[in-house]
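# Observations on the three-dimensional arrangement
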Amino acid sequence: MSTLKTRETLTKSYCQDEQNLREDLAAAYRLIDYYGMSDMIYGHISLRINEEPPIFLLKPHYLFFDEVCASNLVAVDGNGNKINPTDADISPAGFTIHSAIHLERPDANVILHTHSVNGMSVAAMKEGLLPLDQISMAFYNRIAYHDYEGISFDLDERDRIFASIGQKKFLIMRNHGLLTVGRTVAEAFYYMYYLNKACEVQVNVLRSGAKPNIPPPEVCEHTARQYEEPSYYDEILGNWKANRRLLDRLDPSDRE
């Protein structure tokens, strides 16, 4: 497929919406850094801006998260080719992980992957995430796990990543980090913030040496279903709008 044809398709489908999508994605990068979940230039957030042909946005590989803005995000196709050849390069490992899910799931518009200390700590625990508090119960029996295979340079791993996550929204990449899937940037960011918070709680509880108090399975499942009520998206959207206001007060250059 030629670059010209891909760009024409992209423009016809997203000429009015792409700037808003870019601004939301740049904001997510900045917020992940603000809340202490970034890992220098590593970790990734991607956003699908065209389904057919598949086009995704990722940050330039060698930028810190707090340097990302709407205009420097890189659009790539399903093979990792840059739509604009003059754009910066993206992370090969990031493309492997994110395209594995984007290419297989229509609902996976946004994928967020972090290497936070608490996330990597729980990813190194055999028991995975435990339902220790109200936050972690949102993920009860809803987290997938992917065994570590090394740095994700091998495109063959994509099939195994997708086999691991299936239709779930949350993936703990063992000995690696956390991953969330959302229909919107707001959704993927909300899930990551609280998945990381759940990991933080678990690390603190286990570090204390106290015996954890885990509620009965039926209570954990009930709580998880409460988070899945359609009306709960109002909470997700409200949190996102508050965070966008926060960024606008601190530094609105993510919109540039």
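This structure is a prediction, so every number in the text was calculated from the model and none was measured.

Rules used throughout
- Residues numbered from 1 in each chain as written.
- Predicted model: local features only at pLDDT ≥ 70, side-chain atom pairs only at ≥ 80, totals over all residues.
- Heavy atoms only, no water.
- Axes fitted to C-alpha atoms, helices over the stretch in contact; angles between N-to-C directions.
- Helix = DSSP H or I, 4+ residues; strand = E, 2+ residues; numbered from the N terminus.
- Parallel < 35°, antiparallel > 145°, perpendicular 65-115°, else oblique.
- Contact = heavy atoms within 4.5 Å.
- Core = buried A, V, L, I, M, F, W, Y, C linked by side-chain atoms within 4.5 Å.
- Buried < 20%, exposed > 50% of the residue type's maximum accessible area, 1.4 Å probe, protein only.
- Pairing = 2+ DSSP bridges.
- Right-handed = clockwise from strand over helix to strand, strands pointing away.
- UniProt positions renumbered as here; feature names shortened; annotations may be inferred.
- pLDDT = per-residue confidence, 0-100.
- Salt bridge = Lys/Arg side-chain N within 4 Å of Asp/Glu carboxyl O.
- Arc of directions from axis to C-beta.

## Here's the deal with the packing of helix α2 (residues 18-34) against helix α9 (residues 233-250)
One can describe the packing of α2 onto α9 by two numbers: an axis separation of 10 Å at closest approach and a directional angle of 80°. Relative to α9, the element α2 lies roughly perpendicular. Across the interface between the two elements, Glu23, Asp24, Ala27, Ala28, Arg30, Leu31 and Tyr34 from α2 touch Trp240, Asn243, Arg244, Leu246, Leu247 and Leu250 from α9.

## Here's the deal with the nonpolar core
Grouped together as the largest cluster of nonpolar side chains are 50 residues, with contacts concentrated most on Tyr29, Ile32, Ile45, Leu129, Phe139 and Trp240. Counting residues per element, this core draws most heavily on helix α7 (residues 185-208), at eleven residues. Apart from the residues within four sequence positions on either side, Ile32 is in contact with Met37, Ser38, Ile45, Phe65, Leu112, Thr114, Phe189 and Met192. Within the second largest apolar cluster, twelve residues are counted, among which are Ile97, Ile101, Ile165 and Met173.

## Concerning the pairing of strand β5 (residues 143-146)
The pairing of β5 with strand β6 (residues 170-173) spans four bridges and is parallel. By the bridge assignment, Ala144 is partnered in β6 with Leu171. Of the crossover connections in this fold, the one passing from β5 over helix α6 (residues 157-165) to the parallel β6 is right-handed.

## Re the UniProt feature "domain: Class II aldolase/adducin N-terminal" (unreviewed entry) in the protein chain
In the numbering used here, UniProt assigns the feature "domain: Class II aldolase/adducin N-terminal" (unreviewed entry) to residues 23-203. A helix fraction of 34% and a strand fraction of 19% characterise residues 23-203, whose end C-alpha atoms lie 33 Å from each other.

## Quick notes on the confidence of the model for the protein chain
Of the residues in the protein chain, 94% have a pLDDT of 70 or more, and the chain-wide mean is 93. Segment residues 1-15: pLDDT under 50, and 20 contacts once partners within four positions in sequence are set aside and those in other chains are kept.

## Describing the side chain of His61
Mapped onto the secondary structure, His61 falls in the loop between β2 (55-58) and β3 (74-77). Take His61: its relative accessible area is 12%, and that puts it in the buried class. Beyond its immediate chain neighbours, meaning those up to four positions away, His61 contacts Ile41, Tyr42, Asp89, Ile90 and Ser91.

## Topic: the pattern of salt bridges
Taken as a whole, this structure holds 16 salt bridges when the rule is applied. The shortest N-O distance in the salt bridge between Arg174 and Asp147 comes to 3.6 Å. With Arg174 in the loop between β6 and β7 (177-182) and Asp147 in the loop between β5 and α6, this pair connects stretches of sequence that are 27 residues apart. By relative accessible area, which is 53% here, Asp147 ends up exposed. With a closest N to O distance of 3.6 Å, Asp254 and Arg244 form a salt bridge. Here the residue Asp254 occupies a position in the segment after α9, and Arg244 occupies one in helix α9, the gap between them amounting to ten residues. Residues Asp254 and Arg244 agree in their burial class; the two are buried.

## Details of α6
Along α6, the positions that sit buried rather than exposed are Glu157, Arg158, Ile161 and Ile165. The buried residues of α6 occupy an angular sector of 105° when the element is viewed end-on, so they sit on one face. Those residues of α6 that are exposed and aimed more than 90 degrees away from the buried face are Asp159 and Ala163. Of the surrounding secondary structure, the elements contacted by the buried residues of α6 are α3 (92-102), β5, β6 and β7.

## Quick look at the sheet that holds strand β4 (residues 110-114)
Reading across the sheet, the seven strands line up as β3-β2-β1-β4-β7-β6-β5 and stay open at both edges, with mixed pairing between neighbours. This sheet does not close on itself; its edge strands, each paired only once, are β3 and β5. Strand-to-strand, the axes of this sheet are offset by a mean angle of 25°, without reference to chain direction. By the bridge criterion, three bridges tie strand β1 (residues 44-50) to β2 in an arrangement that is antiparallel. Among the inter-strand pairings, Leu47 is bridged to a residue of β2, identified as Leu57. Relative to the sheet, α3 contacts β1, β2, β3, β4, β6 and β7, its axis offset from that of β1 by approximately 50°. Contacting β5, β6 and β7, α6 runs over the sheet at an angle of about 150° to β5.

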